[in-house]
Amino acid sequence: YKGRCLVQQEAVRAVWRLLMEPTYCDLRAAIYHSEMEKQHFRSVFVRCVLASDLSDKELASSLARRWEEYYAVDDEEEPAGMSHESRATLLLESIAQASYMIHALQDWDV
């Protein structure tokens, strides 16, 4: 994080701490089955939460650059080092960012 996305960092810490409570043992078992899967899930989770920091220009440009790299190629030609998981993670990050933006733009008239 390196001093960036402070609100998001706190959200990650709070939610992760809650998820690790014994009450959520069954949920954790449904999400991952090994330490490697747990680390992958945490990585995707963190990236999705950090994507909601709309004020971080570096993060936004990284998301846009990766989108261009991952999806601006012929479907038959996949760049070296590009995995299905990388594309799926980028899509989840983009959905998280879009949902955060849409939420902020909704009409609040009651």
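Preceding block: the structure.
What you are looking at is a predicted structure, and each value in this text was computed from that prediction instead of being measured. (Residues numbered from 1 in each chain as written. Predicted model: local features only at pLDDT ≥ 70, side-chain atom pairs only at ≥ 80, totals over all residues. Heavy atoms only, no water.)

*Asks:* What exactly am I supposed to notice about the packing of helix 1 (residues 6-19) against helix 3 (residues 35-50) here?
*Replies:* The relative placement of two packed helices is expressed as an angle between their axes plus a distance between the axes. In contact at an axis separation of 9 Å, helix 1 and helix 3 are set at 145 degrees when each is read in the N-to-C sense. By crossing handedness, the relation of helix 1 to helix 3 is classed as right-handed. Packed against helix 1, whose contacting residues are Gln8, Ala11, Val12, Val15, Trp16 and Leu19, the element helix 3 presents Lys38, Phe41, Arg42, Phe45, Val46, Val49 and Leu50 at the interface. Classifying every residue of the contact of helix 1 with helix 3 by side-chain character gives 10 nonpolar, 1 polar and 2 charged. (Axes fitted to C-alpha atoms, helices over the stretch in contact; angles between N-to-C directions. Helix = DSSP H or I, 4+ residues; strand = E, 2+ residues; numbered from the N terminus. Left-handed = near helix turned anticlockwise from the far one by under 90°. Contact = heavy atoms within 4.5 Å. Nonpolar A, V, L, I, M, F, W, Y, C, P; charged D, E, K, R; others polar.)

*Asks:* Help me understand the nonpolar core, please; the structure alone is not making it clear to me.
*Replies:* Soluble globular proteins tend to bury their nonpolar side chains together. Formed by Cys5, Val12, Trp16, Leu19, Phe45, Val46, Val49 and Leu50, the largest nonpolar core amounts to 8 residues. Of all elements in the fold, only helix 1 and helix 3 reach the threshold of two or more residues within this core. Contacts of Trp16, omitting those with residues within four sequence positions, involve Lys38, Phe41, Arg42 and Phe45. (Core = buried A, V, L, I, M, F, W, Y, C linked by side-chain atoms within 4.5 Å. Buried < 20%, exposed > 50% of the residue type's maximum accessible area, 1.4 Å probe, protein only.)

*Asks:* For this particular structure, what's the right way to read the environment of Ala60?
*Replies:* Locating Ala60 in the fold gives a position in helix 4 (residues 57-71). Ala60 gets classed as partly exposed once you look at its relative accessible area, which sits at 32%. Sequence separation of Ala60 and Ser94 is 34 residues, and the distance between their C-alpha atoms is 9.9 Å.

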